[in-house]
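Close look at the chain arrangement
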Amino acid sequence: MGTVRTRFAPSPTGYLHIGGLRTALYGYLFAKKNGGKFVLRIEDTDTARYVEGSVQIIYDTMRDSGVMYDEGPDVGGNYGPYIQSERKDIYTEYAKKLVEKGGAYYCFCTPERIATLKDEEGNVRYDKHCLHLSKEEIEEKIKSGVPYVIRQNIPEKGVGSYHDLVYGDISVDYKDIEDGILIKSDGMPTYNFANVIDDHLMGITHVIRGTEYLSSTPKYNLMYDAFGWERPVYIHLPPIMKDAQHKLSKRNGDASYEDFVKKGYVKEAIINYIALLGWSPKSNVEKMSLSDLIENFSLEGISKSPSIFDETKMKWLSGEYIKEMDYDTFKSHALPFLKQSEVFGKFDTDKLLNLVKTRVQIFSEIPEKLDYLKSLSEYDVNLFVNEKQKASVSLAKEILPKISEKLSALSDFTNSALFESLVSLSADLGIKKQALLWITRIAITGKESTAGGATEIAEILGKEETLERIAFSLNLLNK
RNA sequence: GGCCCCUUGGUCAAGCGGUUAAGACACCACCCUUUCACGGUGGUAUCAUGGGUUCGAGUCCCGUAGGGGUCACCA
(Lines give C-alpha, C1' and ligand atoms only; values in the text may rest on other atoms or scores of the structure.)
Protein backbone atom coordinates (compact mmCIF):
# COMPACT_ATOMS: atom_id res chain seq x y z
CA MET A 1 0.00 0.00 0.00
CA GLY A 2 1.14 3.51 -0.77
CA THR A 3 0.94 6.53 1.44
CA VAL A 4 -1.88 6.55 3.92
CA ARG A 5 -4.51 9.13 3.06
CA THR A 6 -7.53 9.77 5.23
CA ARG A 7 -10.23 12.35 4.89
CA PHE A 8 -12.84 14.16 6.88
CA ALA A 9 -15.89 14.92 4.78
CA PRO A 10 -18.43 17.04 6.63
CA SER A 11 -21.43 18.62 5.07
CA PRO A 12 -21.84 22.34 5.69
CA THR A 13 -25.12 22.24 7.55
CA GLY A 14 -24.38 24.67 10.31
CA TYR A 15 -21.70 23.65 12.76
CA LEU A 16 -19.12 21.07 13.57
CA HIS A 17 -20.43 18.92 16.37
CA ILE A 18 -18.37 17.00 18.87
CA GLY A 19 -18.95 13.68 17.14
CA GLY A 20 -17.83 15.13 13.82
CA LEU A 21 -14.76 16.63 15.38
CA ARG A 22 -13.84 13.29 16.89
CA THR A 23 -14.21 11.60 13.51
CA ALA A 24 -11.92 14.25 12.07
CA LEU A 25 -9.49 13.81 14.93
CA TYR A 26 -9.20 10.05 14.42
CA GLY A 27 -8.66 10.56 10.71
CA TYR A 28 -5.99 13.09 11.51
CA LEU A 29 -4.32 10.92 14.14
CA PHE A 30 -4.31 7.85 11.95
CA ALA A 31 -2.82 9.73 9.02
CA LYS A 32 -0.17 11.42 11.13
CA LYS A 33 0.68 8.25 12.98
CA ASN A 34 1.38 6.59 9.64
CA GLY A 35 3.16 9.48 8.01
CA GLY A 36 0.22 10.07 5.72
CA LYS A 37 -1.97 12.92 4.61
CA PHE A 38 -5.22 14.14 6.06
CA VAL A 39 -7.69 15.68 3.65
CA LEU A 40 -10.69 17.92 4.19
CA ARG A 41 -13.49 17.63 1.69
CA ILE A 42 -16.69 19.62 1.85
CA GLU A 43 -19.76 17.56 0.96
CA ASP A 44 -22.25 20.17 -0.13
CA THR A 45 -24.26 18.24 -2.68
CA ASP A 46 -27.47 18.89 -0.81
CA THR A 47 -28.05 22.50 -1.68
CA ALA A 48 -31.23 22.62 0.37
CA ARG A 49 -29.44 21.89 3.62
CA TYR A 50 -26.57 24.27 3.01
CA VAL A 51 -26.10 26.79 5.78
CA GLU A 52 -24.30 30.04 5.09
CA GLY A 53 -21.07 30.41 6.99
CA SER A 54 -20.79 26.82 8.05
CA VAL A 55 -17.85 26.05 5.80
CA GLN A 56 -15.93 28.78 7.57
CA ILE A 57 -16.88 27.27 10.94
CA ILE A 58 -15.42 23.98 9.81
CA TYR A 59 -12.16 25.62 8.73
CA ASP A 60 -11.94 27.64 11.90
CA THR A 61 -12.72 24.81 14.27
CA MET A 62 -10.21 22.48 12.70
CA ARG A 63 -7.48 25.08 12.73
CA ASP A 64 -8.25 26.24 16.24
CA SER A 65 -8.32 22.74 17.67
CA GLY A 66 -5.15 21.69 15.88
CA VAL A 67 -6.87 18.97 13.88
CA MET A 68 -5.42 20.48 10.75
CA TYR A 69 -5.67 19.07 7.27
CA ASP A 70 -2.89 18.85 4.69
CA GLU A 71 -5.21 19.32 1.75
CA GLY A 72 -8.53 21.06 1.55
CA PRO A 73 -10.52 23.81 -0.13
CA ASP A 74 -8.71 26.68 1.54
CA VAL A 75 -5.24 25.15 1.52
CA GLY A 76 -5.16 23.46 -1.85
CA GLY A 77 -3.61 20.15 -2.85
CA ASN A 78 -3.14 17.98 -5.90
CA TYR A 79 -6.50 16.26 -5.77
CA GLY A 80 -8.86 19.22 -5.89
CA PRO A 81 -11.29 20.70 -6.08
CA TYR A 82 -12.12 19.73 -2.52
CA ILE A 83 -15.66 20.99 -2.59
CA GLN A 84 -18.14 18.59 -4.11
CA SER A 85 -20.34 21.23 -5.70
CA GLU A 86 -17.32 22.12 -7.83
CA ARG A 87 -16.93 18.55 -9.01
CA LYS A 88 -20.29 18.09 -10.65
CA ASP A 89 -18.87 17.30 -14.10
CA ILE A 90 -16.68 14.61 -12.64
CA TYR A 91 -19.66 12.84 -11.14
CA THR A 92 -21.63 13.05 -14.36
CA GLU A 93 -18.75 11.54 -16.26
CA TYR A 94 -18.32 8.65 -13.85
CA ALA A 95 -22.04 8.06 -13.58
CA LYS A 96 -22.15 7.53 -17.33
CA LYS A 97 -19.25 5.13 -17.09
CA LEU A 98 -21.01 3.20 -14.37
CA VAL A 99 -24.13 2.98 -16.49
CA GLU A 100 -22.04 1.58 -19.33
CA LYS A 101 -20.57 -0.99 -17.00
CA GLY A 102 -24.04 -2.04 -15.88
CA GLY A 103 -23.57 -0.80 -12.33
CA ALA A 104 -26.22 1.87 -12.70
CA TYR A 105 -29.16 2.83 -14.89
CA TYR A 106 -31.38 5.74 -15.83
CA CYS A 107 -34.70 5.95 -14.04
CA PHE A 108 -37.57 8.09 -15.25
CA CYS A 109 -40.14 7.12 -12.68
CA THR A 110 -42.20 9.95 -11.24
CA PRO A 111 -42.44 10.52 -7.51
CA GLU A 112 -46.10 9.55 -7.85
CA ARG A 113 -45.24 6.14 -9.20
CA ILE A 114 -42.61 5.65 -6.53
CA ALA A 115 -45.24 6.45 -3.93
CA THR A 116 -47.37 3.56 -5.11
CA LEU A 117 -44.53 1.23 -4.18
CA LYS A 118 -45.04 1.77 -0.45
CA ASP A 119 -45.40 -1.36 1.64
CA GLU A 120 -47.58 -1.83 4.75
CA GLU A 121 -45.04 -0.02 6.89
CA GLY A 122 -44.72 2.88 4.53
CA ASN A 123 -41.27 1.91 3.31
CA VAL A 124 -40.63 2.46 -0.34
CA ARG A 125 -38.52 0.04 -2.25
CA TYR A 126 -37.81 0.69 -5.87
CA ASP A 127 -38.75 -2.17 -8.16
CA LYS A 128 -36.08 -1.80 -10.86
CA HIS A 129 -38.85 -0.74 -13.23
CA CYS A 130 -36.56 1.34 -15.45
CA LEU A 131 -33.73 -1.17 -15.48
CA HIS A 132 -35.35 -2.91 -18.38
CA LEU A 133 -35.83 0.12 -20.61
CA SER A 134 -34.23 -0.26 -24.02
CA LYS A 135 -31.41 1.95 -25.13
CA GLU A 136 -33.74 3.64 -27.61
CA GLU A 137 -36.40 4.33 -25.03
CA ILE A 138 -33.83 5.86 -22.74
CA GLU A 139 -32.35 8.08 -25.44
CA GLU A 140 -35.74 9.24 -26.52
CA LYS A 141 -36.88 10.13 -23.01
CA ILE A 142 -33.69 12.03 -22.32
CA LYS A 143 -33.98 13.85 -25.64
CA SER A 144 -37.54 14.88 -24.94
CA GLY A 145 -36.57 16.25 -21.58
CA VAL A 146 -38.19 13.74 -19.22
CA PRO A 147 -36.61 14.25 -15.80
CA TYR A 148 -34.50 11.37 -14.64
CA VAL A 149 -32.22 10.12 -11.95
CA ILE A 150 -29.46 7.56 -12.13
CA ARG A 151 -29.87 4.59 -9.84
CA GLN A 152 -27.39 2.05 -8.66
CA ASN A 153 -28.05 -1.44 -9.96
CA ILE A 154 -27.85 -3.70 -6.92
CA PRO A 155 -27.67 -7.42 -7.73
CA GLU A 156 -30.86 -9.25 -6.85
CA LYS A 157 -28.95 -12.08 -5.28
CA GLY A 158 -25.83 -12.38 -3.26
CA VAL A 159 -24.21 -11.02 -0.17
CA GLY A 160 -21.92 -8.05 0.20
CA SER A 161 -19.13 -8.68 2.65
CA TYR A 162 -16.19 -6.67 3.81
CA HIS A 163 -13.86 -6.37 6.72
CA ASP A 164 -14.06 -3.37 8.99
CA LEU A 165 -11.01 -2.70 11.14
CA VAL A 166 -13.16 -1.95 14.17
CA TYR A 167 -16.24 -4.09 13.70
CA GLY A 168 -14.75 -7.05 11.94
CA ASP A 169 -16.54 -8.91 9.17
CA ILE A 170 -19.79 -7.36 8.02
CA SER A 171 -22.19 -9.00 5.62
CA VAL A 172 -25.34 -7.58 4.15
CA ASP A 173 -27.66 -9.43 1.81
CA TYR A 174 -28.13 -7.54 -1.45
CA LYS A 175 -31.86 -8.15 -1.28
CA ASP A 176 -31.88 -5.81 1.70
CA ILE A 177 -30.33 -2.99 -0.26
CA GLU A 178 -32.35 -0.85 -2.61
CA ASP A 179 -31.32 0.63 -5.92
CA GLY A 180 -30.40 3.97 -4.43
CA ILE A 181 -30.19 7.19 -6.35
CA LEU A 182 -26.69 8.15 -7.44
CA ILE A 183 -27.45 11.23 -9.49
CA LYS A 184 -30.44 13.35 -8.51
CA SER A 185 -32.79 14.90 -11.02
CA ASP A 186 -31.02 18.22 -10.54
CA GLY A 187 -27.84 16.59 -11.79
CA MET A 188 -26.14 16.62 -8.41
CA PRO A 189 -24.81 13.38 -6.99
CA THR A 190 -25.97 11.94 -3.69
CA TYR A 191 -23.54 11.16 -0.90
CA ASN A 192 -23.71 7.53 -1.89
CA PHE A 193 -22.09 8.27 -5.21
CA ALA A 194 -19.93 11.35 -4.69
CA ASN A 195 -18.35 9.79 -1.68
CA VAL A 196 -17.12 6.76 -3.60
CA ILE A 197 -15.91 8.73 -6.61
CA ASP A 198 -14.10 11.28 -4.50
CA ASP A 199 -12.53 8.83 -2.12
CA HIS A 200 -11.11 6.97 -5.07
CA LEU A 201 -10.05 10.00 -7.05
CA MET A 202 -8.48 11.60 -4.01
CA GLY A 203 -6.54 8.47 -3.26
CA ILE A 204 -8.15 7.85 0.10
CA THR A 205 -6.75 4.63 1.52
CA HIS A 206 -8.62 4.50 4.81
CA VAL A 207 -12.21 5.58 5.16
CA ILE A 208 -12.94 6.67 8.72
CA ARG A 209 -16.54 7.60 9.46
CA GLY A 210 -19.47 6.92 11.78
CA THR A 211 -21.30 3.62 12.13
CA GLU A 212 -24.29 5.00 10.28
CA TYR A 213 -22.49 3.79 7.14
CA LEU A 214 -21.69 0.33 8.42
CA SER A 215 -24.55 -1.39 6.66
CA SER A 216 -24.51 0.70 3.50
CA THR A 217 -20.84 0.10 2.81
CA PRO A 218 -21.50 -3.03 0.70
CA LYS A 219 -23.20 -0.88 -1.91
CA TYR A 220 -20.18 1.40 -2.10
CA ASN A 221 -18.03 -1.67 -2.54
CA LEU A 222 -20.19 -2.71 -5.46
CA MET A 223 -19.22 0.53 -7.17
CA TYR A 224 -15.53 0.15 -6.43
CA ASP A 225 -15.76 -3.34 -7.87
CA ALA A 226 -17.71 -2.23 -10.95
CA PHE A 227 -15.11 0.40 -11.73
CA GLY A 228 -12.35 -2.05 -11.03
CA TRP A 229 -10.99 0.13 -8.26
CA GLU A 230 -9.33 -1.04 -5.11
CA ARG A 231 -11.62 -0.79 -2.11
CA PRO A 232 -10.40 1.38 0.75
CA VAL A 233 -9.85 0.06 4.24
CA TYR A 234 -12.90 0.78 6.39
CA ILE A 235 -12.85 2.04 9.93
CA HIS A 236 -16.27 2.76 11.37
CA LEU A 237 -16.63 4.66 14.61
CA PRO A 238 -19.25 4.24 17.34
CA PRO A 239 -21.34 7.31 18.12
CA ILE A 240 -20.89 9.70 21.01
CA MET A 241 -24.02 9.82 23.11
CA LYS A 242 -25.63 12.42 25.30
CA ASP A 243 -27.17 9.63 27.36
CA ALA A 244 -27.88 5.96 26.84
CA GLN A 245 -30.60 6.69 24.29
CA HIS A 246 -29.64 9.86 22.51
CA LYS A 247 -26.80 10.84 20.31
CA LEU A 248 -24.96 14.03 21.12
CA SER A 249 -26.22 16.64 18.73
CA LYS A 250 -26.58 20.35 18.34
CA ARG A 251 -30.22 19.80 17.58
CA ASN A 252 -30.72 18.83 21.19
CA GLY A 253 -28.88 21.92 22.27
CA ASP A 254 -25.72 20.02 23.09
CA ALA A 255 -22.54 21.98 23.16
CA SER A 256 -20.13 22.09 20.25
CA TYR A 257 -16.40 22.62 20.30
CA GLU A 258 -16.78 26.37 20.05
CA ASP A 259 -19.34 26.39 22.83
CA PHE A 260 -16.92 24.58 25.10
CA VAL A 261 -14.17 27.02 24.22
CA LYS A 262 -16.53 29.84 25.09
CA LYS A 263 -17.34 28.12 28.34
CA GLY A 264 -13.68 28.34 29.19
CA TYR A 265 -12.46 24.82 28.60
CA VAL A 266 -8.81 24.48 27.70
CA LYS A 267 -8.77 23.60 24.00
CA GLU A 268 -6.21 20.85 24.37
CA ALA A 269 -8.41 19.30 27.03
CA ILE A 270 -11.38 19.18 24.70
CA ILE A 271 -9.39 17.38 22.03
CA ASN A 272 -7.75 15.17 24.62
CA TYR A 273 -11.11 14.23 26.07
CA ILE A 274 -12.88 13.44 22.83
CA ALA A 275 -9.89 11.36 21.76
CA LEU A 276 -10.53 9.25 24.84
CA LEU A 277 -14.20 8.85 24.06
CA GLY A 278 -14.35 5.61 22.16
CA TRP A 279 -10.64 4.98 22.15
CA SER A 280 -8.28 3.99 24.89
CA PRO A 281 -4.51 4.10 24.77
CA LYS A 282 -2.44 1.05 25.59
CA SER A 283 -0.90 2.80 28.55
CA ASN A 284 -2.89 4.22 31.42
CA VAL A 285 -1.86 7.78 30.74
CA GLU A 286 -4.87 9.89 29.95
CA LYS A 287 -3.56 13.39 29.71
CA MET A 288 -2.13 13.64 26.22
CA SER A 289 -1.22 16.48 23.92
CA LEU A 290 -2.02 16.22 20.23
CA SER A 291 1.46 14.91 19.51
CA ASP A 292 1.17 12.39 22.34
CA LEU A 293 -2.09 11.29 20.80
CA ILE A 294 -0.46 10.82 17.41
CA GLU A 295 2.26 8.75 18.98
CA ASN A 296 -0.11 6.56 20.96
CA PHE A 297 -3.00 6.24 18.57
CA SER A 298 -3.87 2.76 17.43
CA LEU A 299 -6.94 1.27 15.84
CA GLU A 300 -7.04 -1.63 18.29
CA GLY A 301 -8.01 0.76 21.03
CA ILE A 302 -11.21 1.87 19.33
CA SER A 303 -14.31 0.49 20.98
CA LYS A 304 -17.41 -0.80 19.26
CA SER A 305 -20.03 0.45 21.62
CA PRO A 306 -21.33 4.00 21.94
CA SER A 307 -19.88 6.16 24.68
CA ILE A 308 -21.66 8.73 26.74
CA PHE A 309 -20.15 12.18 26.84
CA ASP A 310 -19.15 13.09 30.39
CA GLU A 311 -18.57 16.77 30.77
CA THR A 312 -17.38 16.30 34.35
CA LYS A 313 -14.42 14.30 33.20
CA MET A 314 -13.60 16.77 30.48
CA LYS A 315 -13.72 19.47 33.13
CA TRP A 316 -11.25 17.54 35.22
CA LEU A 317 -8.90 17.26 32.26
CA SER A 318 -9.24 20.96 31.61
CA GLY A 319 -8.27 21.59 35.22
CA GLU A 320 -5.21 19.41 34.80
CA TYR A 321 -4.13 21.48 31.83
CA ILE A 322 -4.64 24.69 33.76
CA LYS A 323 -2.57 23.48 36.68
CA GLU A 324 0.31 22.59 34.42
CA MET A 325 0.17 25.79 32.44
CA ASP A 326 2.96 28.29 33.00
CA TYR A 327 1.68 31.49 34.50
CA ASP A 328 1.93 33.67 31.40
CA THR A 329 -0.03 31.23 29.27
CA PHE A 330 -2.60 30.92 31.99
CA LYS A 331 -2.86 34.68 32.24
CA SER A 332 -3.42 35.18 28.53
CA HIS A 333 -6.28 32.69 28.57
CA ALA A 334 -7.72 33.72 31.90
CA LEU A 335 -7.73 37.48 31.44
CA PRO A 336 -10.85 37.71 29.27
CA PHE A 337 -12.73 35.76 31.92
CA LEU A 338 -11.26 37.72 34.81
CA LYS A 339 -12.49 40.86 33.11
CA GLN A 340 -16.01 39.60 33.58
CA SER A 341 -15.51 39.64 37.33
CA GLU A 342 -16.64 42.59 39.38
CA VAL A 343 -13.34 42.62 41.18
CA PHE A 344 -11.29 43.09 38.03
CA GLY A 345 -9.42 46.35 38.19
CA LYS A 346 -10.04 46.77 41.91
CA PHE A 347 -7.13 44.60 42.91
CA ASP A 348 -3.84 43.44 41.50
CA THR A 349 -4.54 41.26 38.47
CA ASP A 350 -1.63 38.87 38.94
CA LYS A 351 -2.46 38.31 42.55
CA LEU A 352 -6.06 37.55 41.70
CA LEU A 353 -5.03 35.15 39.00
CA ASN A 354 -2.56 33.36 41.23
CA LEU A 355 -5.27 32.86 43.76
CA VAL A 356 -7.43 31.11 41.26
CA LYS A 357 -5.00 29.09 39.16
CA THR A 358 -5.19 25.85 41.13
CA ARG A 359 -8.82 26.35 41.98
CA VAL A 360 -10.58 26.38 38.62
CA GLN A 361 -11.02 23.70 36.01
CA ILE A 362 -12.43 25.93 33.33
CA PHE A 363 -11.72 29.62 32.89
CA SER A 364 -15.31 30.68 33.23
CA GLU A 365 -15.23 29.68 36.90
CA ILE A 366 -12.87 32.54 37.62
CA PRO A 367 -15.38 35.31 38.35
CA GLU A 368 -17.45 33.23 40.76
CA LYS A 369 -14.33 32.15 42.63
CA LEU A 370 -13.31 35.75 43.17
CA ASP A 371 -16.66 37.37 43.82
CA TYR A 372 -16.23 37.13 47.56
CA LEU A 373 -13.60 39.87 47.38
CA LYS A 374 -16.05 42.37 45.97
CA SER A 375 -17.20 43.97 49.19
CA LEU A 376 -17.97 43.11 52.73
CA SER A 377 -21.56 43.35 53.78
CA GLU A 378 -23.53 42.11 56.73
CA TYR A 379 -23.12 38.40 57.41
CA ASP A 380 -23.99 35.82 60.05
CA VAL A 381 -21.49 36.19 62.88
CA ASN A 382 -21.85 32.52 63.67
CA LEU A 383 -19.37 32.03 60.86
CA PHE A 384 -16.74 32.82 63.46
CA VAL A 385 -17.60 29.59 65.18
CA ASN A 386 -15.35 26.77 64.18
CA GLU A 387 -14.92 24.01 66.72
CA LYS A 388 -12.10 22.29 64.99
CA GLN A 389 -10.05 25.48 64.79
CA LYS A 390 -11.16 26.49 68.27
CA ALA A 391 -12.66 29.71 67.05
CA SER A 392 -15.77 31.31 68.49
CA VAL A 393 -17.76 34.52 68.40
CA SER A 394 -16.48 35.61 71.78
CA LEU A 395 -12.90 34.91 70.81
CA ALA A 396 -13.43 36.95 67.66
CA LYS A 397 -14.71 39.87 69.71
CA GLU A 398 -11.74 39.59 71.97
CA ILE A 399 -8.89 39.32 69.50
CA LEU A 400 -10.09 41.28 66.48
CA PRO A 401 -9.06 44.61 68.07
CA LYS A 402 -5.63 43.16 68.73
CA ILE A 403 -5.35 41.87 65.21
CA SER A 404 -6.32 45.28 63.91
CA GLU A 405 -3.77 46.93 66.12
CA LYS A 406 -1.03 44.57 65.07
CA LEU A 407 -1.80 44.97 61.39
CA SER A 408 -1.99 48.73 61.47
CA ALA A 409 1.56 48.76 62.81
CA LEU A 410 2.72 46.51 59.99
CA SER A 411 4.54 48.26 57.16
CA ASP A 412 5.22 45.21 54.99
CA PHE A 413 1.75 44.08 53.97
CA THR A 414 2.73 40.99 52.01
CA ASN A 415 1.45 37.50 52.48
CA SER A 416 4.55 36.21 54.20
CA ALA A 417 4.98 39.21 56.46
CA LEU A 418 1.32 39.12 57.36
CA PHE A 419 1.48 35.44 58.11
CA GLU A 420 4.55 35.81 60.29
CA SER A 421 3.05 38.70 62.14
CA LEU A 422 -0.27 37.02 62.82
CA VAL A 423 1.35 33.76 63.89
CA SER A 424 3.50 35.57 66.38
CA LEU A 425 0.46 37.42 67.64
CA SER A 426 -1.32 34.13 68.20
CA ALA A 427 1.66 32.88 70.17
CA ASP A 428 1.63 36.07 72.27
CA LEU A 429 -2.06 35.62 72.94
CA GLY A 430 -1.65 31.96 73.67
CA ILE A 431 -4.21 30.81 71.15
CA LYS A 432 -4.03 28.47 68.20
CA LYS A 433 -2.84 30.18 65.07
CA GLN A 434 -5.59 28.36 63.17
CA ALA A 435 -8.19 30.06 65.32
CA LEU A 436 -6.68 33.46 64.80
CA LEU A 437 -6.33 33.01 61.07
CA TRP A 438 -9.86 31.68 60.79
CA ILE A 439 -11.22 34.71 62.62
CA THR A 440 -9.17 37.05 60.49
CA ARG A 441 -10.36 35.49 57.28
CA ILE A 442 -14.00 35.58 58.31
CA ALA A 443 -13.62 39.15 59.44
CA ILE A 444 -12.30 40.34 56.11
CA THR A 445 -14.51 38.25 53.84
CA GLY A 446 -17.66 37.25 55.70
CA LYS A 447 -17.54 33.97 53.83
CA GLU A 448 -17.27 30.44 55.11
CA SER A 449 -14.93 29.37 52.38
CA THR A 450 -12.85 31.44 50.06
CA ALA A 451 -10.28 30.95 47.37
CA GLY A 452 -7.25 31.95 49.34
CA GLY A 453 -6.24 32.14 52.98
CA ALA A 454 -6.48 35.02 55.44
CA THR A 455 -3.09 36.54 54.75
CA GLU A 456 -3.23 36.06 50.98
CA ILE A 457 -6.54 37.86 50.94
CA ALA A 458 -5.30 40.62 53.23
CA GLU A 459 -2.39 41.27 50.91
CA ILE A 460 -4.72 41.61 47.96
CA LEU A 461 -7.12 43.88 49.83
CA GLY A 462 -4.31 46.04 51.04
CA LYS A 463 -3.81 47.55 54.42
CA GLU A 464 -6.49 50.16 54.31
CA GLU A 465 -9.27 47.91 53.06
CA THR A 466 -8.25 45.11 55.41
CA LEU A 467 -8.42 47.37 58.45
CA GLU A 468 -11.71 48.83 57.32
CA ARG A 469 -13.21 45.40 56.97
CA ILE A 470 -11.99 44.31 60.38
CA ALA A 471 -13.57 47.43 61.85
CA PHE A 472 -16.80 46.64 60.04
CA SER A 473 -16.81 43.09 61.41
CA LEU A 474 -16.05 44.28 64.91
CA ASN A 475 -18.95 46.64 64.67
CA LEU A 476 -21.16 43.80 63.47
CA LEU A 477 -20.06 41.64 66.39
CA ASN A 478 -20.82 44.31 68.91
CA LYS A 479 -24.32 45.01 67.67
C1' G B 1 -41.11 -4.19 11.60
C1' G B 2 -36.66 -6.19 8.17
C1' C B 3 -31.44 -5.89 8.07
C1' C B 4 -26.54 -4.50 10.40
C1' C B 5 -24.11 -3.66 15.00
C1' C B 6 -23.41 -3.25 20.32
C1' U B 7 -23.83 -4.79 25.92
C1' U B 8 -17.65 -4.92 32.14
C1' G B 9 -19.05 -0.10 38.33
C1' G B 10 -23.01 6.22 37.96
C1' U B 11 -19.48 7.60 33.49
C1' C B 12 -14.96 6.55 30.30
C1' A B 13 -12.73 1.91 30.15
C1' A B 14 -8.45 -2.44 30.54
C1' G B 15 -9.19 -7.46 29.79
C1' C B 16 -8.47 -11.28 24.19
C1' G B 17 -10.01 -19.29 28.35
C1' G B 18 -7.09 -19.70 34.40
C1' U B 19 -6.39 -12.07 37.24
C1' U B 20 -7.78 -10.82 44.41
C1' A B 21 -11.77 -8.22 37.18
C1' A B 22 -6.51 -2.79 35.91
C1' G B 23 -6.70 2.47 35.60
C1' A B 24 -9.31 7.34 35.22
C1' C B 25 -13.60 10.74 36.37
C1' A B 26 -17.37 11.20 40.02
C1' C B 27 -18.55 9.95 45.14
C1' C B 28 -17.06 8.90 50.46
C1' A B 29 -13.35 8.79 54.45
C1' C B 30 -8.75 10.05 56.39
C1' C B 31 -3.93 12.78 56.06
C1' C B 32 -1.66 17.49 54.77
C1' U B 33 -3.26 22.50 55.41
C1' U B 34 -4.33 29.39 56.86
C1' U B 35 -10.95 28.07 55.24
C1' C B 36 -11.55 26.33 50.07
C1' A B 37 -8.63 24.20 46.48
C1' C B 38 -4.11 21.52 45.38
C1' G B 39 -1.44 17.15 46.88
C1' G B 40 -1.32 12.19 49.39
C1' U B 41 -3.61 7.54 51.25
C1' G B 42 -7.63 4.38 51.41
C1' G B 43 -12.75 2.95 50.33
C1' U B 44 -17.86 1.99 48.04
C1' A B 45 -19.31 0.16 43.23
C1' U B 46 -19.16 -3.60 37.26
C1' C B 47 -18.93 -8.61 33.71
C1' A B 48 -27.59 -7.53 31.02
C1' U B 49 -29.93 -12.55 31.21
C1' G B 50 -30.74 -17.95 30.25
C1' G B 51 -28.58 -22.11 28.15
C1' G B 52 -24.45 -24.62 26.26
C1' U B 53 -18.81 -25.83 25.00
C1' U B 54 -14.69 -26.57 28.49
C1' C B 55 -11.16 -29.36 33.95
C1' G B 56 -12.05 -24.00 33.91
C1' A B 57 -15.87 -18.46 30.67
C1' G B 58 -16.21 -11.33 31.38
C1' U B 59 -13.54 -13.76 27.49
C1' C B 60 -16.05 -19.07 22.68
C1' C B 61 -21.31 -20.70 20.66
C1' C B 62 -26.81 -20.24 20.73
C1' G B 63 -31.25 -18.02 22.58
C1' U B 64 -33.62 -13.86 25.27
C1' A B 65 -33.76 -8.87 26.87
C1' G B 66 -32.07 -3.96 26.36
C1' G B 67 -29.71 -0.25 23.34
C1' G B 68 -27.79 2.04 18.80
C1' G B 69 -27.69 2.40 13.45
C1' U B 70 -30.16 1.89 8.81
C1' C B 71 -34.25 1.23 5.49
C1' A B 72 -34.51 9.65 1.56
C1' C B 73 -33.71 12.87 -5.19
C1' C B 74 -29.80 13.81 3.72
C1' A B 75 -25.16 13.13 4.53
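Given the structure is predicted, the values throughout are model-derived calculations rather than measurements. (Residues numbered from 1 in each chain as written. Chains lettered and ligands numbered in written order. Predicted model: local features only at pLDDT ≥ 70, side-chain atom pairs only at ≥ 80, totals over all residues. Heavy atoms only, no water.)

Per the secondary structure count, chain A includes 18 helices and 11 strands. Relative to its length of 479 residues, chain A is extended, with a C-alpha radius of gyration of 33 Å against a globular reference of 23 Å. Each of the three principal axes of chain A carries a C-alpha extent, and together these read 110 × 45 × 35 Å. For chain A, the proportion of its 479 residues judged to be buried stands at 49%. Contacts spanning at least 24 positions in sequence make up 72% of the contacts within chain A whose residues lie at least 6 apart. Working note: accessible area of chain A is about 22600 Å², and carbon and sulfur atoms make up 48% of it. Counting 61 positive and 70 negative side-chain charges, chain A places the averaged centre of each group 2 Å from the other. (Helix = DSSP H or I, 4+ residues; strand = E, 2+ residues; numbered from the N terminus. Rg over C-alpha atoms; globule rule 2.2 N^0.38 Å. Buried < 20%, exposed > 50% of the residue type's maximum accessible area, 1.4 Å probe, protein only. Contact = heavy atoms within 4.5 Å. Areas by Shrake-Rupley, 256 points an atom, 1.4 Å probe, with all protein chains shown as cover. Lys, Arg positive; Asp, Glu negative; His and termini not counted. Charge placed at Lys NZ, Arg CZ, Asp CG, Glu CD.)

This part is about the protein's contact with RNA strand B. Around RNA strand B there are 64 residues in total, and Glu-286, Arg-359, Phe-419, Gly-452 and Thr-455 lie nearest to it. What you see for RNA strand B is that sugar and phosphate hold 69% of its atoms within 4 Å of the protein. Contact between RNA strand B and Ser-185: a base oxygen at 2.8 Å from a side-chain N or O atom of the residue. At 2.2 Å from a base nitrogen of RNA strand B is found a side-chain nitrogen or oxygen belonging to Arg-359. Elements with a contribution of two residues or more to the surface near RNA strand B: β6 (168-173), β11 (307-308), α11 (311-324), α16 (415-429), α17 (433-445) and α18 (454-477). In terms of residues, the surface near RNA strand B owes the most to one element, α17, which gives five residues. Looking at side-chain class alone, the surface near RNA strand B contains 20 nonpolar, 25 polar and 19 charged residues. (Near = heavy atom within 4 Å. Polar contact = N/O pair within 3.5 Å; in protein donor to acceptor, adjacent residues only side chain to side chain. Nonpolar A, V, L, I, M, F, W, Y, C, P; charged D, E, K, R; others polar.)

So, about the packing of aromatic side chains. Applying the stated rule across the entire model yields 19 aromatic pairs. Between the aromatic rings of Tyr-94 and Phe-227, the centroid separation amounts to 5.8 Å while the plane-to-plane angle is 75°, which identifies the pairing as edge-to-face. Of the two residues, Tyr-94 is situated in helix α3 (residues 88-100) and Phe-227 in helix α7 (residues 217-227); the sequence distance between them amounts to 133 residues. Each member of the pair Tyr-94 and Phe-227 is classed as buried. (Phe/Tyr/Trp six-rings, centres within 6.5 Å; stacked < 30°, edge-to-face > 60°.)

Judged by nonpolar contacts, the single largest core of 150 residues is most densely connected at Met-62, Phe-193, Phe-309, Ile-366, Leu-373 and Leu-400. For this core, the element with the highest residue contribution is α18, accounting for 10 residues. Sequence-distant contacts of Met-62, defined by excluding residues within four places in its chain, comprise Phe-8, Leu-16, Ala-24, Phe-38, Leu-40, Val-67, Met-68 and Tyr-69. (Core = buried A, V, L, I, M, F, W, Y, C linked by side-chain atoms within 4.5 Å.)

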